[in-house]
Amino acid sequence: MRAAVMGSPIGHSLSPFLHRAAYREMGLTGWSYASFECDEERLPGMLRELRPVRGEGPDTAGTWAGLSLTMPLKRAVLPLLDTVSALAVEVGGANTVVFADGAAHGENTDVYGIERALAEAGVIAPRSATVLGGGATAGSALAALRDLGLFAVTLVVRDPAKAKETAEVAERLGVALSVRTFDKLDALTNVDLVVSTLPGRAADGYAGLLAGVPALFDVVYSPWPTSAAVAVRATGGTVVGGFEMLLHQAVRQVELMTGRADVPVGAMRAAGEAEILRRASRTG
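Procedures and definitions
Residues numbered from 1 in each chain as written. Predicted model: local features only at pLDDT ≥ 70, side-chain atom pairs only at ≥ 80, totals over all residues. Heavy atoms only, no water. Core = buried A, V, L, I, M, F, W, Y, C linked by side-chain atoms within 4.5 Å. Buried < 20%, exposed > 50% of the residue type's maximum accessible area, 1.4 Å probe, protein only. Helix = DSSP H or I, 4+ residues; strand = E, 2+ residues; numbered from the N terminus. Contact = heavy atoms within 4.5 Å. Axes fitted to C-alpha atoms, helices over the stretch in contact; angles between N-to-C directions. Parallel < 35°, antiparallel > 145°, perpendicular 65-115°, else oblique. Left-handed = near helix turned anticlockwise from the far one by under 90°. Nonpolar A, V, L, I, M, F, W, Y, C, P; charged D, E, K, R; others polar.

**Student:** So what exactly am I meant to see when it comes to the nonpolar core here?
**Tutor:** With 30 residues, the main nonpolar core has Ile114, Leu118, Val131, Leu145, Leu193 and Phe217 as its most contacted residues. Those elements that provide at least two residues to this core are helix H4 (110–120), strand S7 (129–132), helix H5 (136–147), strand S8 (152–157), helix H6 (164–173), strand S10 (193–196) and strand S11 (215–218). Examining the composition of this core, we find that six residues originate from one element, H5, more than from any other. Contact partners of Leu145, with chain neighbours within four places excluded, come to Ala129, Val131, Leu150, Val153 and Leu193.

In structure tokens, the structure reads:
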């Protein structure tokens, strides 16, 4: 059985290390996991090439079990799938494709990853939240916050006109969304939880404004810690990093692709952390 992660850029992805660790621990010696550079333009053709899929019989290239999708493919893949889970429809993005019975089914495990990461850190019942950034991950964050009991959230973006898709996600979720710009951020951090879906070090410039928040969930996992994470920790706040989200969404992906529940979270965590340390030592 074969699986892979696709996106652009893809060279930084930790998914191969997480999934391969799971396969080794689970004794899935016939399974492999690769990575493919793929943008929105190439996605339809690449999906067509991944045949035969599970349910159509193996060929000399093997049989495809599923795909992990990262940016910019999570929204673009939806119209290309045979079926899509209700959650993926709600959040407007699928980060997982499972092949079965000759069909491609879309799932969203990012929401699960966010919820598990927050729960492990003890952030289980925030009364208010602000989300930074309006991409696909912001939609998953809104769904996770909804599941935690929040039905009113502030979204902070650079250009409100580009938050249309995220606003549509909030409407489908039944979440009242207040859209603001970053120049107003100083008045928007008096909340229990700030979720930053900004890439790389994009939130570093706002570290001073975020320093006093009780809890910060930053989806970045490399480089880590971010300046925002350091600032929140320095004032006694709770910090949740992007690696925890990545780990748990991958755990759920392995469950979906293999059909097994005995996924080795510890082995996957160790493999991911080891690779992060290896990369840090090379750049440091």
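More follows now that the structure is in view.
**Student:** Would you mind showing me how to read the environment of Pro9 here?
**Tutor:** By the element assignment, Pro9 lies in the loop between strand S1 (2–7) and helix H1 (15–26). Judged by relative accessible area, Pro9 falls into the exposed class, the value being 55%. Spatially, the C-alpha atoms of Pro9 and Val219 are 17 Å apart, while their sequence positions differ by 210 residues.

**Student:** Quick question: what am I supposed to make of the packing of H5 against H6 here?
**Tutor:** Two quantities define a packed helix pair, namely the angle between the helix axes and the distance between the axes. At a closest axis distance of 9 Å, the pairing of H5 and H6 adopts a crossing angle of 25 degrees. If you check the angle between H5 and H6, you find them roughly parallel. The two elements H5 and H6 meet at a crossing, and its hand is right-handed. Together, Ala138, Gly139, Leu142, Ala143 and Arg146 of H5 and Thr166, Val169, Ala170 and Leu173 of H6 make up the contact between the two elements. Grouping the amino acids of the contact of H5 with H6 by side-chain chemistry returns six nonpolar, two polar and one charged.

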